[in-house]
Amino acid sequence: MTGSVLEVSQDAVQAFVYREARLLDERRYDDWLGLWAGDRDVLYWVPAGDDHDGAGVISYVHDNGRRLNTRVRQLLTGERYSQVPFSRTARIVSGVEREQAGPGAVTVHAAFALHEFRMDRTHVWAGRLEFDLVDPAGDGTLRMTRKKVLLVDRAGAVPSMAFLL
């Protein structure tokens, strides 16, 4: 850290993004929640239409930290009907770029393709990811304050996404 500006290498950003994808694919949701910067002032957002600021826009997911914790707890019960049997997923993440978003924050952009297999069907999800990352403890450990998933087909009909993208 130099002053109040978070300085983080491209390697550290890529490692974070790849780890986040792996934890989701392995359904290690508690560990995934640990990648967030707490329950307050965080946002997990999957807009259903064009990219706006989120206010008054229909979204597939628009979770604050409390709602995100509830969603994960439901998934971990193993009894969430929309995930019995659970989805098997594999993500490919590429084109990871970082940009300084302001003092103490880095915004990360990436592309993804996700293959989901459930109930003898495969669905491919694709899109762009945006993360806002911070280092709250100042020790080089990155945490998310925002994750936005912009699906390529977000304006069309999409099947149930009861798992976490």
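Residues numbered from 1 in each chain as written. Predicted model: local features only at pLDDT ≥ 70, side-chain atom pairs only at ≥ 80, totals over all residues. Heavy atoms only, no water.

## Points about the overall build of the chain
Heads up, the rule is: Each helix is a run of H or I in the DSSP string that is no shorter than four residues. Each strand is a run of E no shorter than two, and both are numbered from the N terminus. Partly exposed residues are those whose accessible area sits between 20% and 50% of the maximum for their type, while under 20% is buried and over 50% is exposed, using a 1.4 Å probe and protein chains only. In what follows, residue pairs with any heavy atoms lying within 4.5 Å of each other are defined as contacts. Note on areas: Shrake-Rupley, 1.4 Å probe, and residue coverage restricted to the protein chains presented here.
From N to C terminus, the chain includes three helices and six strands. Traced from its N-terminal end to its C-terminal end, the chain shows the element sequence α-α-β-β-α-β-β-β-β. Buried residues in the chain amount to 42% of all 165 residues. A sequence separation of at least 24 residues applies to 58% of the contacts in the chain between residues at least 6 apart. Summed over all atoms, the accessible surface of the chain reaches about 8,800 Å², with 50% contributed by carbon and sulfur.

## Re helix H1 (residues 10–25)
Think of an α-helix as turning once every 3.6 residues; residues three or four places apart then point the same way. Note the following rule: Helices are assigned an expected span. That span is 1.5 Å times one less than the residue count.
Look at H1: 23 Å from first C-alpha to last across 16 residues, which is about the 22 Å you get at 1.5 Å a residue. Of the positions making up H1, those classed as buried are Val 13, Phe 16, Val 17, Glu 20, Ala 21, Leu 23, Leu 24 and Asp 25. Just downstream of H1 lies Arg 27, where phi reads positive at about 55°.

## Description of unusual backbone geometry
The backbone phi angle of Arg 27 is positive, close to 55°, even though this residue is not glycine. Relative to the assigned elements, Arg 27 resides in the loop between H1 and helix H2 (29–33). The partly exposed category is assigned to Arg 27, whose relative accessible area is 33%. The phi dihedral of Asp 41 falls on the positive side, at around 55°, and the residue is not glycine. Counting through the fold element by element, Asp 41 comes out in the loop between H2 and strand E1 (43–47). Among the residues examined, Asp 41 registers a relative accessible area of 72% and is labelled exposed.

## Some remarks on the pattern of salt bridges
The cut-off we apply is this: Every case where a carboxyl oxygen of Asp or Glu lies within 4 Å of a side-chain nitrogen of Lys or Arg is listed as a salt bridge.
Considering all chains together, one arrives at 10 salt bridges under this definition. A cluster of three or more residues bridged by salt bridges with shared partners is formed by Arg 22, Glu 26, Arg 28 and Asp 31.

## Re the side chain of Arg 146
Note the following rule: Side-chain atoms alone can form a polar contact between residues adjacent in sequence; in general such a contact is a pair of N or O atoms within 3.5 Å, and within protein one must be able to donate a hydrogen while the other accepts it.
In this structure, Arg 146 sits in strand E6 (residues 143–151). Within the structure, Arg 146 has its side chain in polar contact with the side chain of Glu 130 (distance 3.2 Å). Only 2.8 Å separates the side chain of Arg 146 from the side chain of Asp 132, close enough to count as a polar contact. Once residues lying within four places of it in the same chain are set aside, the contact partners of Arg 146 are Trp 36, Leu 43, Thr 107, Glu 130, Phe 131 and Asp 132.

## What about the pairing of strand E5 (residues 121–134)?
Rules: Being paired, for any two strands, means DSSP has found at least two bridges between them.
Pairing of strand E4 (residues 105–118) with E5, which is carried by 13 bridges, proceeds in the antiparallel orientation. From the neighbouring strand, Phe 117 faces E5, where its bridge partner is Thr 122. Examined bridge by bridge, E5 and E6 share eight bridges and lie antiparallel to one another. By the bridge assignment for E6, Arg 128 is matched with Leu 150.

## Some points on the packing of aromatic side chains
Going by this rule: Pairs were defined over the aromatic rings of Phe, Tyr and Trp, the Trp ring being its six-membered one, requiring ring centres within 6.5 Å. Orientation was assigned from the angle between planes: stacked under 30 degrees, edge-to-face over 60, tilted for the rest.
Within this structure, the stated rule accounts for four aromatic pairs. Ring centres of Phe 16 and Phe 131 lie 6.4 Å apart, and the angle between their planes is 85°; this geometry places the pair in the edge-to-face category. Here the residue Phe 16 occupies a position in helix H1, and Phe 131 occupies one in strand E5, the gap between them amounting to 115 residues. With a relative accessible area of 0%, Phe 131 lands in the buried category. An aromatic cluster is built from Trp 32, Trp 36 and Tyr 44, whose rings are joined through pairwise contacts.

Geometric values such as these leave the question of function open.
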